[in-house]
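Next come the chains, spelled out residue by residue.
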Amino acid sequence: MNAAADDRIGIGMIGLGMAGAVMAPVIADHPHMRLVGACDLQPLVRSRFEQERALPTFDSVEALLALDAVEAVYIATPQQFHALHALLALQHGKHVVVEKPMASTLAECDAMIAAAEQTGATLIVGHTHAFDPGVSAMRALIASGEVGEPVLLNMFNYTNFLYRPRRPEELDPARGGGVIWNQLPHQLDVARIVVDRPIRSVRAATAALDPSRPVDGLVNAFVEFEGGATAALIYSGYDRFDSDEWSDWIGSSGQQKEAAHGAALRALPRHPADELNTRRSAWSYGGEKMMPFPRKGLPHFGQMIVTCARADVRLTAHGLTVYDRNGVREVTIHNDDARPSHVAVFDELWNAVRRGVRSVHDGRFSRATVEAGLAIAESARVGAEVVLRATGREVRA
């Protein structure tokens, strides 16, 4: 092993479900990472991982953390376990990358931040679409001063989210089910990266349209930032209109796709046990739905148009379109030149751990996203604006 390989960060994966299946090959192929093992409760996915990777797997987090080769962990367990598993890893002196949302409560977020600060470990929350190359290009264009400061963001995404096979807790509003926790964090993070100011207040409405899946399947949130910029965030997961139709049928991971309106609902198993089995077999590590695909465009999270002081800028499947007094121009981001968003998560980990560069998507950044999500849920519940305060939230009728 050469010196460069010796300096790679050894990664252990906690969870080999849908997110873990996506991220395992990313970690294995990253030049600065070394995949060293994984843990999961399901024997099937552990067996698939062992056979393909020739690496050890465990059925407990503690056993994985006991490996000396594990310098950092990627946590892809259900959200109700994020804080527990992150705290365990931090207490073992491991760096942590945890899936969104960071945690379910602000108290859990605070405990994770405190543990990272006490141990000196790096804590990053990802993957979110805030790492997407188009979002980075948008922020760079704004930072250049060419288009002026952002004033209004219009973001919307229509998908089949609610009818992909889901775990029971994802369909239980009491356990964090619904789009506010599973999908809205992407939009919140992107909006916060683009505007680069704290959120001042939110006003939101949600709806649950399918009694057989009694969680909020759509949300409409109005977000006001300090300084006056605003964002309209819309998400619907009911498998009707697909907003990728307006992105040349490039999907959220950059893959080419075809129109399939209603197909996820039609294919959904009708019995909860069958749905869970499908989720575990087809949508976990090694499953048929998680096979790699060629990237034909840029990853994205629906549509976004940003009105700035001197231009409107639209995120596209291949870069940015800028509309200003001179007309229209394209800012193309070639696939070969763009760091895929999954890869960028581990670029950030490498820079933080090996180079001492402060993470953008650290615990404090991600805590603010959780706080905004809680405020949006509260606003939808009480039907009023919620103002975010340093010492608590204020509801305005």
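A brief structural summary.

The rules behind the values
Every chain is numbered on its own, with residues counted from 1 as its sequence reads. This being a predicted model, a pLDDT of at least 70 is required before a residue's local features are given, and a value of 80 or more before pairs of side-chain atoms are given or counted; all residues contribute to the totals for chains, interfaces and linings. As a rule here, side-chain values come from all non-hydrogen atoms in the structure, and water together with hydrogens is ignored. Put simply, DSSP H or I for four residues or longer makes a helix, DSSP E for two residues or longer makes a strand, and each gets a number counted from the N terminus. For each residue, the accessible area found with a 1.4 Å probe, counting protein chains only, is set against the maximum for its type, and the residue is called buried under 20%, exposed over 50%, and partly exposed in between. The criterion used for residue contact is that any of the two residues' heavy atoms lie within 4.5 Å. Here the Shrake-Rupley method, with its probe set to 1.4 Å, supplies the accessible areas, and only the displayed protein chains count as covering residues. We count Lys and Arg on the positive side and Asp and Glu on the negative side, and we leave His and both chain ends out. For the purpose of locating charges, the reference atoms are NZ of Lys, CZ of Arg, CG of Asp and CD of Glu. Counted as salt bridges are all cases of a side-chain nitrogen of Lys or Arg within 4 Å of a carboxyl oxygen of Asp or Glu. Given the number of residues in a helix, its expected span is that number minus one, multiplied by 1.5 Å. Inter-axis angles, ranging from 0 to 180 degrees, are taken between N-to-C directions of lines fitted to C-alpha atoms, where helices are fitted over the stretch in contact. Comment on the angle field: the value is read as roughly parallel under 35 degrees, roughly antiparallel over 145, roughly perpendicular from 65 to 115, and oblique elsewhere. Note on convention: near helix rotated counterclockwise from far helix by under a right angle means a left-handed crossing. Clockwise means right-handed. We call Phe, Tyr and Trp rings a pair once their centres come within 6.5 Å, taking the six-membered ring for Trp, and we label the pair stacked below 30 degrees between planes, edge-to-face above 60, and tilted otherwise. Should DSSP find at least two bridges between two strands, the strands are regarded as paired. We define a polar contact as two N or O atoms separated by no more than 3.5 Å, with the added condition that, inside protein, one atom must be a possible hydrogen donor and the other a possible acceptor, whereas residues neighbouring each other in sequence contribute only through side-chain atom pairs. Lys, Arg, Asp and Glu make up the charged group, whereas Ala, Val, Leu, Ile, Met, Phe, Trp, Tyr, Cys and Pro make up the nonpolar group; the residues left over, Gly among them, are polar.

## A few points about the overall build of the protein
If you tally the helices and strands in the protein, you get 13 helices and 16 strands. Looking at the protein residue by residue over its 397 residues, the buried ones come to 54%. For the protein, restricting intrachain contacts to residue pairs at least 6 apart in sequence, the fraction spanning at least 24 positions comes to 67%. Of the accessible surface of the protein, which amounts to about 17,100 Å², a share of 52% is contributed by carbon and sulfur atoms. Taking the average location of the 40 positive side-chain charges in the protein and that of its 47 negative ones, the two points are 2 Å from each other.

## Side note on the pattern of salt bridges
Using the criterion set out here, one finds 19 salt bridges in the structure. Sharing partners across several salt bridges, the network here consists of Arg166, Arg167, Glu169, Glu170 and Arg279.

## Section: helix H5 (residues 82–91)
Counting along an α-helix, one turn takes 3.6 residues, and residues three or four places apart therefore face a common direction. Summarising burial for H5: eight of the 10 residues are buried, a large majority. Listed as buried for H5 are His82, Ala83, His85, Ala86, Leu87, Leu88, Ala89 and Leu90. Along its buried surface, H5 packs onto strand E1 (9–14), helix H4 (61–65), strand E4 (72–75), strand E5 (95–98) and helix H6 (106–119). Looking at the residues trailing H5, positive phi occurs at Gly93, about 80°.

## Regarding helix H12 (residues 341–355)
Helix length check: H12 (15 residues) gives 20 Å between terminal C-alpha atoms against 21 Å at 1.5 Å per residue, within 8%. In terms of residue burial, H12 counts as a mostly covered element, since 12 of its 15 residues are buried. Looking only at H12, the buried set comprises Ser341, His342, Val343, Ala344, Val345, Phe346, Asp347, Glu348, Leu349, Trp350, Ala352 and Val353. Looking one or two residues beyond H12, the residue adopting positive phi is Gly356, at roughly 70°.

## A few points about the side chain of Thr369
Structurally, Thr369 is set in helix H13 (residues 363–382). Here Thr369 falls in the buried class, since its relative accessible area comes to 7%.

## Observations concerning the packing of helix H2 (residues 18–29) against H12
Where H2 meets H12, the closest approach of the two axes is 10 Å, and the angle between their N-to-C directions is 60°. Judged on the interaxial angle alone, H12 and H2 are oblique. Crossing angle aside, the handedness with which H2 passes H12 is right-handed. Across the interface between the two elements, Val22, Met23, Val26 and Ile27 from H2 touch His342, Val343 and Phe346 from H12.

## Focus on the packing of aromatic side chains
Scanning the entire structure with this criterion turns up nine aromatic pairs. Plain terms: the ring middles of Tyr158 and Phe241 are 5.3 Å apart, the flat faces sit at 65° to each other, and that makes the pair edge-to-face. Placement of Tyr158 in strand E7 (residues 150–158) and of Phe241 in the loop between strand E10 (230–236) and helix H10 (263–267) is noted, with a sequence separation of 83 residues between them. When its relative accessible area of 27% is taken as the criterion, Phe241 is described as partly exposed. Here Tyr235 and Phe301 contribute two aromatic rings whose centre-to-centre distance is 5.8 Å and whose plane-to-plane angle is 15°, an arrangement assigned as stacked.

## Observations concerning the sheet that holds strand E2 (residues 33–39)
As summarised here, the arrangement of the six strands in space is E3-E2-E1-E4-E5-E6, forming an open sheet in which the pairing is parallel. The sheet terminates laterally at strand E3 (57–58) and strand E6 (123–125), the two strands that pair on one side only. Judged from the three bridges that link them, E5 and E6 form a sheet pairing that is parallel. Looking across to E6, one finds that Val96 is bridged to Leu123.

## Focus: unusual backbone geometry
In this structure, Pro101 follows Lys100 across a cis peptide bond, with omega equal to -15°. Structurally, Pro101 is set in the loop between E5 and H6. With a phi angle near 60°, Asp239 is a residue other than glycine that sits in the positive phi range. Tracing the sequence through the fold places Asp239 in the loop between E10 and H10.

## Here we look at the pairing of strand E14 (residues 327–332)
Note: strand E13 (residues 319–324) against E14, six bridges, orientation antiparallel. Paired with Gly319 across the strands is Thr332, a residue of E14. Linking E13 to E14, which pair antiparallel, is a turn of two residues.

## Some words on the side chain of Thr159
Mapping Thr159 onto the fold places it in the loop between E7 and helix H8 (179–182). Here Phe161 takes part through its backbone nitrogen, which lies 3.0 Å from a polar atom of the side chain of Thr159. Once residues lying within four places of it in the same chain are set aside, the contact partners of Thr159 are Arg164, Tyr235, Ser236, Gly237, Tyr238, Asp239 and Phe241.

## Brief notes about the packing of helix H9 (residues 184–195) against H13
Each pair of packed helices can be described by the angle between their axes along with the distance between the axes. Two elements in contact, H9 and H13, have axes whose closest approach is 10 Å; the angle formed by their N-to-C orientations is 120°. Classified by the interaxial angle, the pair formed by H9 and H13 is oblique. Two packed elements cross with a definite hand, and for H9 against H13 that hand is right-handed. Note on element contacts: H13 touches H9 through Phe365, Ala368, Thr369, Ala372, Gly373 and Ile376, opposite Leu184, Pro185, Leu188, Asp189, Arg192 and Ile193. Of the residues belonging to the contact of H9 with H13, the class tally is eight nonpolar, two polar and two charged.

## Comments concerning the environment of Ala311
With respect to the secondary-structure elements, Ala311 resides in the loop between strand E11 (303–308) and strand E12 (312–316). Of the residues examined, Ala311 reaches a relative accessible area of 7% and is grouped as buried. C-alpha separation for the pair Ala311 and Val322, spaced 11 residues apart in sequence, amounts to 6.7 Å.

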